[in-house]
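Understanding the architecture of this molecule
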Amino acid sequence: MKKNLLLFALLLLSAGAMLGQEVPTVTTNEVTEFTQTSATGGGNVTDDGGATVTERGICWSTSQNPTISGSHAQASQGGTGNFTANMTGLTANTTYYVCAYAINSQGTAYGSEVNFTTTAPYTITATANPSNGGTISGAGSYNHGEQCTLTASANTGYTFTNWTEDGSEVST
């Protein structure tokens, strides 16, 4: 009886291979939308391997060769075709390695690895020259793509002339 059960188990394990089923084929897209703490990545499941793709998404790490045992985000649904997923909780000015993944009954497949670096905050320092000539508001740290408005208010007896950066006029 034990020999029959073992033989039956071996037949079941090899049934997927006998049916021509394999792990899916997936590619990783470049990460093009990212900020200091989040990013959107994705991929394309080009072949389901002969079995239904039940999950697809992206995995990422600050080390090369990320897997789904670490940080990962599942796309909204399985299947084939293009997909995106969001990475959150990232650290500013840090390089991340990303792979798309797809899972079917035969296992997990990974696309090639891509990398990107999250943005660093921009620091804007503004001073009046001479220092008693007025006040400036709006300086500080800003995220990539965030609007910044600087306002200069001249003290009595002074007039605002222009904005300069490293000695060059940039606005009047």
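Description of the structure in this document. Think of each chain on its own: its residues are numbered from 1, step by step along the sequence as written. Two thresholds apply to this predicted model, a pLDDT of at least 70 for residue-level local features and 80 or more for giving and counting side-chain atom pairs, whereas whole-chain, interface and lining totals are computed over all residues. Hydrogens and waters are ignored; side-chain quantities use all the structure's heavy atoms.

Thoughts on unusual backbone geometry
N129 connects to P130 through a cis peptide bond whose omega is 5°. In this text, helices come from DSSP runs of H or I with a minimum length of four residues, and strands from runs of E with a minimum of two, each type numbered from the N-terminal end. Tracing the sequence through the fold places P130 in the loop between strand 10 (122-124) and strand 11 (134-137). One non-glycine residue, N65, lies in the positive phi region at around 65°.

Remarks on the nonpolar core
With 20 residues, the main nonpolar core has I58, W60, M87, V98 and F116 as its most contacted residues. For this core, the secondary structure elements donating two or more residues are strand 3 (38-47), strand 4 (55-61), strand 6 (81-88), strand 7 (95-104) and strand 9 (114-117). Sorting elements by how many residues they give to this core places strand 7 first, with four residues. Two residues qualify as a contact provided that any one of their heavy atoms is within 4.5 Å of a heavy atom in the partner residue. Apart from the residues lying within four places of it in its own chain, the contact partners of W60 are P66, S71, H72, A73, N86, M87, T88, L90, Y96, Y97 and V98. We call a set of buried residues a nonpolar core when its members are Ala, Val, Leu, Ile, Met, Phe, Trp, Tyr or Cys and they connect through side-chain atoms within 4.5 Å of each other. Exposed residues in this analysis have more than 50% of their type's maximum accessible area, buried residues have under 20%, and partly exposed residues fall in between, with area computed by a 1.4 Å probe over protein chains only.

Section: the pairing of strand 3
In this analysis, strands are considered paired if DSSP registers two or more bridges between them. Judged from the four bridges that link them, strand 1 (residues 25-28) and strand 3 form a sheet pairing that is antiparallel. Across the sheet, T25 pairs through a bridge with D47, a residue of strand 3. Where strand 2 (residues 33-34) lies against strand 3, two bridges are found, and the strand directions are antiparallel. Its bridge partner lying in strand 3, E33 is registered against T40.

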